[in-house]
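Single-letter residue listing:
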Amino acid sequence: MINSKKIDFAPYIPYYTETFGKIVNTPSPSGYYTEIMPLLKELAESVGAEFSRTKKGCAVLTVKGRSEETLGLCAHADTLGAMVRGIGANGALTFTKVGGPLLPTLDGEYCTIITREGKKYTGTFLSVSPAAHVSRDSATKERTEDTMYVRLDENVKTPADIRALGIESGDYIVYDPKYVFTESGFIKSRFIDDKASVAAFFTVMKYLRDNRIVPEKTIKFVITMYEEVGHGASYVPEGLVSMLGVDMGCIGSDLNCTEHDVSICAKDSHGPYDYDLTSRLIAMAKEAGLSYAVDIYPFYGSDVDAMWSAGYDVPGALIGTGVHASHGMERTHIDGVLNTLSLIALYLGL
C-alpha cells in the first residue's frame, strides 16, 4: 500500500531557512569536521534526537521508533574547498582543490585560511594575471590550480613571513557561501549541495518533536563528511532496512528537474539505484501530488554509491531538491525544499 499523505511543511520555512543559514555558514570542507559537529550536536539535542559520532568524524542521529526495524537516510555536511599546497617566493599561497569546485567561479572570492592551531587569516583567490591594466591575458587566462593563488591579507613578502603566522601546507582554505533567501523564495548560496538536505533532516526531526510523533520504525540520519571526495557513507549503522540518500537534484538541458521540484534519481555515473525503492518513491510522489521529476545524473556520485562500494547489502535510492549551477554559485527554491521534505516524510511513513 502506497502512503500518499502529504505533510504541509510550509509553517517550518522560518526554522528551515534559519537552520540552513547556521549550517551553511559553518565551514566544513571534506574532512574538516571540527566546527560543524558541535553545531550538529546542538541542533540534534534541540529536536530530541540522539547524537553520536563515527570514528572517522561523521554523525549518526537517531530517532527511536515503536519498533527496532530501522530506516536510514544520509546526507553530507562536507563541502568543496581547498588546502594550502605550497608557499611561493613572493608570499603567495598555492592551493589544491578539495572536491571539485568550479575554479573560474572562485576567481575574486574572499576566503579564510585555517591553521592546524585554529588561527584564521583572510585572503582572496586570484588569477596569476589579476590586473586588467597590467596583464593582456587577465580576462582570457584559464583558471586552474596552476594559474591561481591565494593573496593573503597580511604583511608578508617571503615564505618565512607566512610560516611565522603558523600557516603551512595542508591548512584548509574555506570560502564564503554567500547565503541569501530572497523574497521570491529562492535560496542562493554555495554548498546547497548538500547542506540543504542536512537542514531538511533537522526540519523533519523538529516536526516529529513538535507534534509528539513517535515513528513506527526507528530512524537513523547519517550525516557524512567525505562525500565530495568519494567515501562519505562507506560506513553506515548495521541493520538498516533501506537507505535514502538526500542530496542535490541536477538541472540541465536534457533533464526534467527544476528548482521547484524534488528530483528522484534513477541512475547516476555509478549505475542505477534500487528499482523497487525508486519505483515506490515515484509512486508516493505521484499519489501525493508532489512536484517531482525522475532523472539520470550524468556526472554524479552519492553517499549511497559509497555505501554500496563498501559492500553493504542495503537497498538505496536518491532524491533531492533541484539545484542550479552545481559546484558553482548554486540556487534552489523553497518549493523544491518543501517537496523534498514531503517525500522524506512519505519514505518514513509519517
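Preceding this section is the structure that the text describes.
It should be emphasised that the depicted structure is a prediction, and the values quoted were computed from it without experimental measurement. In this convention, every chain numbers its residues from 1, walking through the sequence in written order. Where totals are concerned, whole chains, interfaces and linings use all residues; where local detail is concerned, this predicted model gives features only for residues with pLDDT of at least 70, and gives and counts side-chain atom pairs only at 80 or more. The side-chain numbers reported here are obtained from all heavy atoms of the structure, hydrogens and water having been left aside.

1. Structural notes on the nonpolar core
Moving on, step 1. Side-chain atoms within 4.5 Å link the members of a nonpolar core, which is a set of buried Ala, Val, Leu, Ile, Met, Phe, Trp, Tyr and Cys residues. We call a residue buried when its accessible area falls under 20% of the maximum for its residue type, exposed when it is over 50%, and partly exposed in between, using a 1.4 Å probe and counting protein chains only. Counting residues in each nonpolar core, the largest one holds 106 residues, and the members touching the most others are Leu73, Phe125, Phe202, Leu281 and Leu343.
Moving on, step 2. Under the DSSP-based scheme used, a helix requires at least four consecutive residues in state H or I and a strand at least two consecutive residues in state E, with every element numbered from the N terminus. Looking at this core, the element that brings in the most residues is helix 4 (residues 192–210), giving eleven residues.
Moving on, step 3. Pairs of residues are marked as contacts when any of their non-hydrogen atoms sit within 4.5 Å. Non-local contacts of Leu73, meaning those with residues more than four positions away in its chain, are made with Phe201, Ile219, Lys220, Phe221, Val222, Met243, Leu244, Val246, Ile344, Tyr347 and Leu348.
Moving on, step 4. The next biggest cluster of nonpolar side chains, apart from the first, holds five residues, and it includes Tyr32, Ile114, Tyr172 and Val174.

2. Quick word on the side chain of Thr203
Moving on, step 1. One can find Thr203 in helix 4.
Moving on, step 2. Two N or O atoms form a polar contact when they lie within 3.5 Å of each other; inside protein one atom must be a possible hydrogen donor and the other a possible acceptor, and for residues adjacent in sequence the pair counts only when both atoms belong to side chains. In terms of polar contacts, Thr203 uses its side chain to reach the backbone carbonyl oxygen of Ala199, at 2.9 Å.

3. Here we look at empty space enclosed by the protein
Moving on, step 1. A cavity here means a set of points on a 1 Å grid, drawn over the protein atoms and nothing else, where a 1.4 Å probe fits but cannot get out; a pocket is an open set with protein on both sides within 12 Å along at least five of seven lines, and a residue lines either one if it has an atom within 4 Å of a point. Grid points are joined across faces, edges and corners, and a volume is the space filled by probe spheres set on the points. Enumeration over the complete set of coordinates arrives at two cavities of 30 Å³ or more.
Moving on, step 2. Quantified by volume, the largest cavity comes out at close to 60 Å³.
Moving on, step 3. In this structure, the largest cavity is lined by Leu80, Tyr175, Arg190, Phe191, Asp193, Glu228, His327, Gly328 and Glu330.
Moving on, step 4. Per-class residue counts for the lining of the largest cavity are three nonpolar, two polar and four charged.
Moving on, step 5. Volume-wise, the second largest cavity comes out at about 40 Å³.
Moving on, step 6. Lining the second largest cavity are Tyr16, Ala196, Ser197, Ala200, Val246, Thr321, Val337 and Thr340.
Moving on, step 7. Only helix 4 and helix 7 (334–347) provide two or more residues apiece to the lining of the second largest cavity.
Moving on, step 8. Sorting elements by how many residues they give to the lining of the second largest cavity places helix 4 first, with three residues. The classification used treats Ala, Val, Leu, Ile, Met, Phe, Trp, Tyr, Cys and Pro as nonpolar, Asp, Glu, Lys and Arg as charged, and all other residues, Gly among them, as polar.

4. What to know about helix 2 (residues 36–46)
Moving on, step 1. Along helix 2, the positions that sit buried rather than exposed are Ile36, Met37, Leu39, Leu40, Leu43 and Ala44. Viewed along the axis of helix 2, the buried residues span an arc of 155 degrees, placing them on a single side of the element.
Moving on, step 2. Contacts made by the buried residues of helix 2 are with helix 1 (13–24), strand 1 (50–53), strand 2 (59–63), helix 4 and strand 12 (217–224).
Moving on, step 3. Remark: Gly48 follows helix 2 within two positions and exhibits a positive phi of approximately 80 degrees. Here the arc refers to the directions that run from the helix axis out to each C-beta atom.

5. What about the packing of aromatic side chains?
Moving on, step 1. Note on aromatic pairs: the rings of Phe, Tyr and Trp (six-membered ring only in Trp) are paired at centre separations within 6.5 Å, and the planes decide the class, stacked below 30 degrees, edge-to-face beyond 60, tilted for the rest. Scanning all chains against the criterion turns up twelve aromatic pairs.
Moving on, step 2. With 5.3 Å between their ring centres and 50 degrees between their planes, Tyr32 and Tyr172 make a pair best called tilted. Here Tyr32 is found in the loop between helix 1 and helix 2, whereas its partner Tyr172 is found in strand 9 (residues 172–175), with 140 residues between them in sequence. Pair check on accessibility: Tyr32 and Tyr172 agree, each one buried.
Moving on, step 3. Between the NZ or CZ atom of Lys206 and the centre of the ring of Tyr15, over which it lies, the distance is 5.3 Å.
Moving on, step 4. To sit over a ring, a charge needs its Lys NZ or Arg CZ within 6 Å of the ring centre and within 35 degrees of the ring normal. Over the face of the ring belonging to Phe186 we find Arg331, whose NZ or CZ atom lies 3.8 Å from the ring centre.

6. A short note on the layout of surface pockets
Moving on, step 1. The computed volume of the largest pocket comes to approximately 380 Å³.
Moving on, step 2. Residue lining of the largest pocket: 21 residues in total, with Glu228, Phe299, Tyr300, Gly301 and His327 positioned closest to the centre.
Moving on, step 3. Classifying every residue of the lining of the largest pocket by side-chain character gives eight nonpolar, seven polar and six charged.

7. Looking at the side chain of Glu227
Moving on, step 1. As for its placement among the helices and strands, Glu227 is situated in the loop between strand 12 and strand 13 (240–246).
Moving on, step 2. Asp and Glu count as negative and Lys and Arg as positive, but His and the ends of the chain are not part of the count. Counted as salt bridges are all cases of a side-chain nitrogen of Lys or Arg within 4 Å of a carboxyl oxygen of Asp or Glu. Within the buried core, Glu227 has no salt-bridge partner, and the shortest N-O distance to an opposite charge, that of Lys56, equals 12 Å.
Moving on, step 3. Of note is the side chain of Glu227, whose polar atom sits 3.0 Å from the side chain of His76.
Moving on, step 4. Leave out the neighbours within four places in its chain, and Glu227 touches His76, Asp78, Gly232, Asp247, Gly301, Ser302 and Asp303.

8. Quick notes on the sheet that holds strand 11 (residues 186–188)
Moving on, step 1. Taking strand neighbours across the sheet as the criterion, the three strands line up as 10-11-19 in an open arrangement whose pairing is antiparallel. The outermost strands of the open sheet, each flanked by one partner alone, are strand 10 (180–181) and strand 19 (331–333).
Moving on, step 2. Judged from the three bridges that link them, strand 11 and strand 19 form a sheet pairing that is antiparallel. Note that in strand 19 the partner of Ile187 across the bridge is Thr332. Two strands make a pair as long as DSSP finds a minimum of two bridges between them.

9. So, unusual backbone geometry
Moving on, step 1. Residue Asp194 is reached from Asp193 by a cis peptide bond, and omega for that bond is 10 degrees.
Moving on, step 2. Structurally, the position occupied by Asp194 is in helix 4.
Moving on, step 3. Even without being a glycine, Lys178 presents a positive backbone phi close to 60 degrees.
Moving on, step 4. Structurally, Lys178 is set in the loop between strand 9 and strand 10.
Moving on, step 5. By relative accessible area, which is 40% here, Lys178 ends up partly exposed.
Moving on, step 6. A positive phi angle, near 50 degrees, is found at Arg212, a position not held by glycine.
Moving on, step 7. Following the sequence through the fold, Arg212 ends up in the loop between helix 4 and strand 12.

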